[in-house]
Every structure is written in C-alpha cells, then in structure tokens.
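# Close look at the chain arrangement
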Amino acid sequence: MKKILPFLVALLLISGCTTTNKKPRRSSSLDEGSSKIISSIDSATTNIEPTSQGGTSAGTSHTSVAPTSAGSSTTSKPSSSSTSSKPTSSSTPAGDEYITFDDYPSISLRKFLAPTNEPIELITHLSEHHWWENDLRDDMPSTDWTFIYGNKNSRGDFGDDKVSPSFYSVDQGKPGGLRMDQKWKGIQTPLFHHTGAKLEINMVISQVNNNTDKPEDSLPIGFFLFYDKDANYLENLTHEVSRGQITANTTQVRFYCTGSGTENVAYFEFRLVALPSKNSQAYNFGIGELNVNSWERA
C-alpha cells in the first residue's frame with residue numbers, strides 16, 4: 001500500500017500539469033478568430049473582379065485609343081493619289097498649247113502668243129454705237145494684226161516659219177478681202193481695252209466664191225475664241241460659226257458676246273476649221289472688215 005501511494009501522487013501531479021499547459025479553450029478561441037478573419041478576407045476577395053478581368057478592362061481602355069492613333073498616322077501618310085498634284089499640260093510653254101473641243105474631237109487649234117501692241121481703248125456705252133472699225137484690206141499686213149494658218153502665224157514680219165496673208169483682188173468690181181480659201185486659216189486682233197458686259201462683233205463678208213472641195217458637213221465653219229490680256233482662253237465665251245451660216249449671199253456674221261469674263265476680253269481670234277458649204281457646194285469667202293462694239297450692259 002505504501003508503495004502504491006507515491007505512484008498515485010506522482011500520476012496526479014503529472015495529469016494536473018498537462019491540463020494546465022494546454023489551455024484548450026483559449027487556443028480554440030484564437031483559432032476560431034483567425035479562421036473568421038481569413039474567411040472574411042476570402043469573402044471580400046470574391047467581390048473584387050479577378051486580376052485577369054481587370055487587366056482586360058484596362059487593355060480595352062488602352063486599345064480603344066491605340067487603333068485611333070494608328071489610324072490617324074496611317075491616313076496622314078501620303079497616298080498614291082498625291083501623284084495627281086504633279087504639273088499637267090498647263091505648264092506647257094506658251095505657243096505649244098492647243099485648244100480642243102469636246103463636241104469635235106478631231107479639232108485641235110494651236111494657242112498663239114498674245115498681241116504686243118499698246119491696247120486700243122474702246123468706248124463702252126449704253127445706247128449709241130461706237131464701233132471700233134477695221135478694214136482688213138488696209139490694216140493687214142501689220143505688226144498689230146496676226147494672220148494664222150494652221151500652226152503658223154505672222155505679224156507683219158514673214159520669215160521661214162511664217163505665212164503671208166492673201167487677198168482677193170479689188171479689180172473688176174470685186175471688193176476684195178482677206179482670203180479664207182483653206183481650212184485652218186485665221187486672224188487674231190490687236191490688243192484692246194473696254195469695260196462692257198457685252199461685245200458686239202461684226203465680221204463683214206466681202207465676197208463668196210465657189211470651191212470645188214467636198215463639203216465637210218460634220219464640222220462647223222469655225223470659231224471665235226476670246227482671251228484676256230494675259231492670254232488666258234475664256235472658254236465660256238467661245239462662239240461657233242455653224243454650218244449654213246455662210247452661203248453664197250452672206251454679207252456678215254454678226255453676234256453678241258456675253259457671259260462671265262466679257263469685260264476682261266482683250267483680244268480674239270477667228271479660226272476657220274472647214275470651208276462653208278450649202279448642200280454639195282463648198283465656198284471660199286473674203287473678210288473685208290472686223291468691227292467691235294462695246295455695250296455697258298448685257
């Protein structure tokens with residue numbers, strides 16, 4: 001019995017120390033609190049968009065700018081259409097330019113240099129005629145009037161590359177006049193100045209003679225071409241002398257020139273592109289006078 005008592009006392013002492021050192025409740029309470037904190041963090045994390053989703057959102061915001069920037073830089077680069085800005089035929093030296101007509105593709109008239117005389121002042125008026133009268137039988141050849149034949153012209157000085165105007169004889173009762181007996185002949189007036197909104201042109205036909213050539217019915221007789229003082233062709237003022245306007249009994253071709261730029265007209269040309277005709281009969285004709293009248297109003 002004495003041997004057993006010491007053993008029991010030692011056992012009780014060991015048992016009491018073990019229970020005291022473990023403190024199971026406090027440990028359990030701390031673990032539970034930690035578990036709640038971790039749980040609340042996990043729970044809060046589930047309400048935040050995943051990092052990958054946030055990255056997508058930021059990426060979208062970024063790429064919505066990047067393509068625009070790239071697009072802008074692309075469109076600002078020169079394109080192949082910029083080649084259209086290269087110089088065109090308008091840079092062709094004066095004297096080598098040609099006037100063409102949409103309605104008559106076969107016609108190409110050389111554009112000659114402007115006259116060089118001191119401009120002749122015309123009287124612009126409202127109600128009275130103040131004609132600038134020109135008798136070509138007296139005024140040509142001269143240094144002011146220019147005779148044209150095809151791609152050649154003359155201004156009083158007839159060199160190897162120029163042609164002389166020819167005139168009908170004034171004998172035997174015929175009035176004479178500048179001969180229009182071959183296509184591509186023409187005439188250019190001297191420079192003049194006026195301020196009118198309308199020009200009246202009167203080309204006096206001095207005589208008409210039969211020609212044996214076959215009529216070119218698909219072409220007009222010719223054109224009146226108008227220019228400003230800088231030799232710019234005023235296309236909208238072009239006047240066509242149509243087929244049938246000059247026949248055996250014609251004494252004049254008279255018309256008005258009106259439209260934008262009329263007040264800027266400083267000289268003009270008459271260019272013959274096909275002989276006049278009626279039915280199967282072609283004609284030569286003479287130009288006796290070329291007169292101009294400036295009206296203040298159109």
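Scroll up a little and you will see the structure.
All of the points below concern the structure found in this document. Computed from a predicted model, the values in this text were never measured in an experiment.

As for its position among the elements, L225 is in strand β12 (residues 222–227). Classification of L225 by relative accessible area gives buried; the value is 0%. Not counting chain neighbours up to four residues away, the residues in contact with L225 comprise I99, F101, L109, Y233, T238, Y267, F268, E269 and R271.

Before going further, it helps to spend a moment on the sheet that holds strand β9 (residues 185–188). The strand order β6-β5-β9-β15-β12-β13 describes an open sheet built from six strands, whose pairing is antiparallel. Edge strands, defined here as strands with exactly one partner in the open sheet, are β6 (152–154) and β13 (239–241). Direction aside, neighbouring strands of the sheet carry axes that sit 20° apart on average.

We now examine the environment of V292. As for its placement among the helices and strands, V292 is situated in strand β17 (residues 281–295). A relative accessible area of 1% places V292 in the buried class. Once the C-alpha coordinates of V292 and W132 are considered, the two residues, 160 residues apart in sequence, prove to be 5.1 Å apart. Leave out the neighbours within four places in its chain, and V292 touches L122, H130, W131, W132, L199, E200, I201 and F268.

Here W184, not a glycine, exhibits a phi torsion of approximately 80°, which is positive. Tracing the sequence through the fold places W184 in the loop between β8 (177–180) and β9. Among the residues examined, W184 registers a relative accessible area of 28% and is labelled partly exposed. Positive phi outside glycine occurs at N279, with the angle close to 55°. Turning to its location among the elements, N279 is positioned in the loop between β16 (277–278) and β17.

Going through the model one piece at a time under the given rule, you end up with twelve aromatic pairs. When the centroid spacing of 5.8 Å and the interplanar angle of 45° are considered together, the rings of Y227 and Y233 count as tilted. Its relative accessible area of 0% is what places Y227 among the buried residues. For Y233, a relative accessible area of 21% gives the class partly exposed. A connected cluster of aromatic rings, assembled from ring pairs, spans W132, W145, F192, F224, F226, F255, F268, F270 and F285. Its end group placed over the ring of W295, K198 keeps NZ or CZ at 5.5 Å from the ring centre.

One face of the sheet, then the other: side chains in a regular strand alternate in exactly this way. Burial runs high along β12: six of the six residues are buried. The sheet contact formed by β12 and β13 spans three bridges and is antiparallel. If you follow F224 over to β13, its bridge partner there is H239. Strand direction decides the pairing type here: β12 and strand β15 (residues 267–272), joined by six bridges, are antiparallel. The partner of F226 across the bridge, within β15, is F268.

Enumeration according to the criterion identifies eight salt bridges in this entry. The salt bridge partner of E200 is R254, with a shortest N-O separation of 2.9 Å. Of this pair, E200 sits in strand β11 (residues 198–211) while R254 is found in strand β14 (residues 252–258), placing the two residues 54 residues apart along the sequence. The class for E200 is buried, based on a relative accessible area of 3%. For R254, a relative accessible area of 42% translates into the label partly exposed. Counted as one network, the salt bridges with shared partners bring together R179, D181 and K185.

The rules behind each value
Residues numbered from 1 in each chain as written. Predicted model: local features only at pLDDT ≥ 70, side-chain atom pairs only at ≥ 80, totals over all residues. Heavy atoms only, no water. Helix = DSSP H or I, 4+ residues; strand = E, 2+ residues; numbered from the N terminus. Buried < 20%, exposed > 50% of the residue type's maximum accessible area, 1.4 Å probe, protein only. Contact = heavy atoms within 4.5 Å. Pairing = 2+ DSSP bridges. Axes fitted to C-alpha atoms, helices over the stretch in contact; angles between N-to-C directions. Phe/Tyr/Trp six-rings, centres within 6.5 Å; stacked < 30°, edge-to-face > 60°. Lys NZ or Arg CZ within 6 Å of the ring centre and 35° of its normal. Salt bridge = Lys/Arg side-chain N within 4 Å of Asp/Glu carboxyl O.

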